[in-house]
Amino acid sequence: MTLRRILVLGTGGTIAGAGGSATGAGYRAGGLALDALVAHLGALGLAAELVPQEVARIGSQDIGFAEWRALHAACTAAMDDPAIDGIIITHGTDTAEETGLLLDLTLPTAKPVVLVGAMRPADAVGADGMRNFANAVKVASDPAAAGRGVMLVMGDAVLAARDARKAATSAIDAFRTFPRGPLARVTPASLDWFGPAHRLGEAARYPFPQELPRVAILTAGAGMDAQPVDALLGIGARGIVLAGMGQGNAPRTVLEALARAAASGVPVVRASRVDEGLVDRNVEVDDDALGLVAARALGPAKARMLLMVLVANGVTDAKAVQAAFDGG
Ligand code: ASP
């Protein structure tokens, strides 16, 4: 049997983290070299040939445009390389949803792209990284994994990057998926898809941006005034995401200031500071009158990423921005 060849792009994160103690709390994310990680994995007898390529060795809280551009370029090259069957990206969990969505929006679906992380450093007792990685290899090696967009493997679940959200700071079971459930259940020995590939043959939805514009998240709080909105406009924000209360609500004065921002050409998207649930148009906030956009299923972090990609591609009109948020 010919082994499937999987490109492994390393960025760091807790999966490549070590604390020097199996029981201590402190550790450094991204401390371990990818080669060492992959060598360790070689001993697991995985049914795939792994091709390591280190992009960064950082905690994902420090990831930014340079790393995203490098990841996108490496994934694009691998998509065009007939010798590569699938791609795994080892990544910190803090911002996996942002990197995942950015790549999901800007890559074709021709080959599986799988982000994988861990909640416990590699040398901690009960470390979850090796299991998660073995699961990711199982997914990335499966021809049926193509055509599903970028995925995230955590625990024994395969999540669509667009739907995945980190919802716990330290539990192994840290990710939730909304509004759709998991795409598949995976173990190192088995993989069960819950439905057919829904994005087969899809091209990239957006070109990868030349640069990412400043888009800010403004969290609503009871009793706040409108000054933070003016401050964001003052530092040149080109888009604003409201992490609103409940269904994306905010005090009236804040909404009025956001409406002024929208009228001046800075698109404003209402998301929610609540973990789960849709933010729909015109529920308690009159989006039509105020010129605002409802984030629908995307939480603030992913709403910001989508809005950055839209603004970078010249999409700022409220109707067009809403259409992008409506599209699954
Ligand atoms: N801070 C780490 C990171 O995102 C957390 C993790 O990987 O779980 O890189």
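The model shown is predicted, which means the values in this text are computed figures rather than measured ones.

**Looking at unusual backbone geometry**
Working step 1: For the peptide bond that leads from Phe178 to Pro179, omega is 5°, which places it in the cis range.
Working step 2: Turning to its location among the elements, Pro179 is positioned in the loop between β8 (175-177) and β9 (184-186).
Working step 3: Residue Asn282 is not a glycine yet carries a positive backbone phi of 55°.
Working step 4: With respect to the secondary-structure elements, Asn282 resides in the loop between β13 (268-272) and α7 (287-290).
Working step 5: Residue class for Asn282 comes out partly exposed when judged on its relative accessible area of 33%.
Working step 6: Phi at Arg296 takes a positive value of approximately 55°, unusual for a residue other than glycine.
Working step 7: Structurally, the position occupied by Arg296 is in the loop between β14 (293-294) and α8 (300-312).

**What about helix α9 (residues 318-326)?**
Working step 1: Residues of α9 that are buried: Val321, Gln322, Ala324 and Phe325. Seen from one end, α9 has its buried residues packed into an arc of 160°, which puts them on one side.
Working step 2: The inward-facing, buried residues of α9 contact β13, β14 and α8.

**Regarding empty space enclosed by the protein**
Working step 1: Scanning the model with the defined rule gives three cavities of 30 Å³ or more in all.
Working step 2: By volume, the largest cavity amounts to about 90 Å³.
Working step 3: Surrounding the largest cavity, Asp104, Arg148, Val150, Ala160, Arg162, Asp163, Arg180, Leu183, His198, Arg199 and Gly328 form its lining.
Working step 4: Looking at side-chain class alone, the lining of the largest cavity contains three nonpolar, two polar and six charged residues.
Working step 5: One number sums up the size of the second largest cavity: a volume of about 70 Å³.

**Examining the sheet that holds β13**
Working step 1: Strand order in the open sheet formed by four strands is β11-β12-β13-β14, and the pairing between neighbours is parallel. A strand with exactly one partner marks an edge of an open sheet, and here the two such strands are β11 (215-219) and β14.
Working step 2: Alignment of strand β12 (residues 239-244) against β13, held across five bridges, turns out to be parallel. Residue Leu242 lies in a different strand from β13, and its bridge partner there is Arg270.
Working step 3: Docked against the sheet, helix α6 (residues 252-263) engages β11, β12 and β13, running at close to 160° with respect to β12.
Working step 4: The sheet contacts of α8 involve β11, β12 and β13, and relative to β12 the element is tilted by about 165°.

**Comments concerning the sheet that holds strand β2 (residues 48-58)**
Working step 1: Strand order in the open sheet formed by eight strands is β2-β1-β3-β4-β5-β6-β9-β10, with mixed pairing between adjacent strands. The open sheet has two free edges, formed respectively by β2 and β10 (191-193), since each of these has just one partner strand. Between one strand and the next, the sheet's axes are offset by a mean angle of 25°, whatever the strand orientation.
Working step 2: Looking at chain direction, strand β4 (residues 113-116) and strand β5 (residues 151-154) are connected through three bridges and run parallel. Residue Val114 lies in a different strand from β5, and its bridge partner there is Met151.
Working step 3: Sitting on the sheet, helix α1 (residues 34-42) touches β1 (4-12), β2 and β3 (86-90), and the angle it makes with β2 is about 150°.

**A look at the site of the ligand**
Working step 1: Around the ligand, the surrounding shell consists of Gly13, Thr14, Tyr27, Ala29, Gly59, Ser60, Gln61, Gly92, Thr93, Asp94 and Ala118.
Working step 2: Ser60 has a polar side-chain atom sitting 2.5 Å from an oxygen atom of the ligand.
Working step 3: In the model, an oxygen atom of the ligand is placed 3.1 Å from a nitrogen or oxygen of the Ala118 main chain.
Working step 4: For the ligand, the protein covers 93% of the area, taking 270 Å² as the surface of the free molecule.
Working step 5: Of the residues belonging to the shell around the ligand, the class tally is three nonpolar, seven polar and one charged.

**Remarks on the packing of aromatic side chains**
The geometry of two aromatic rings is summed up by the distance between their centres and the angle between their planes.
Working step 1: Scanning the entire structure with this criterion turns up one aromatic pair.
Working step 2: Ring geometry for Phe65 and Phe208: centres 5.9 Å apart, planes at 20°, overall stacked. Of the two residues, Phe65 sits in helix α2 (residues 65-80) while Phe208 sits in the loop between β10 and β11, which places them 143 residues apart along the sequence.
Working step 3: Overall, the relative accessible area of 16% leaves Phe208 in the buried class.

Thresholds, definitions, all that
- Residues numbered from 1 in each chain as written.
- Predicted model: local features only at pLDDT ≥ 70, side-chain atom pairs only at ≥ 80, totals over all residues.
- Heavy atoms only, no water.
- Helix = DSSP H or I, 4+ residues; strand = E, 2+ residues; numbered from the N terminus.
- Buried < 20%, exposed > 50% of the residue type's maximum accessible area, 1.4 Å probe, protein only.
- Arc of directions from axis to C-beta.
- Contact = heavy atoms within 4.5 Å.
- 1 Å grid on protein atoms, 1.4 Å probe; cavity = no way out; pocket = protein on both sides within 12 Å on 5 of 7 lines; lining within 4 Å.
- Points joined across faces, edges and corners; volume = space filled by probe spheres on them.
- Nonpolar A, V, L, I, M, F, W, Y, C, P; charged D, E, K, R; others polar.
- Pairing = 2+ DSSP bridges.
- Axes fitted to C-alpha atoms, helices over the stretch in contact; angles between N-to-C directions.
- Near = heavy atom within 4 Å.
- Polar contact = N/O pair within 3.5 Å; in protein donor to acceptor, adjacent residues only side chain to side chain.
- Areas by Shrake-Rupley, 256 points an atom, 1.4 Å probe, with all protein chains shown as cover.
- Phe/Tyr/Trp six-rings, centres within 6.5 Å; stacked < 30°, edge-to-face > 60°.

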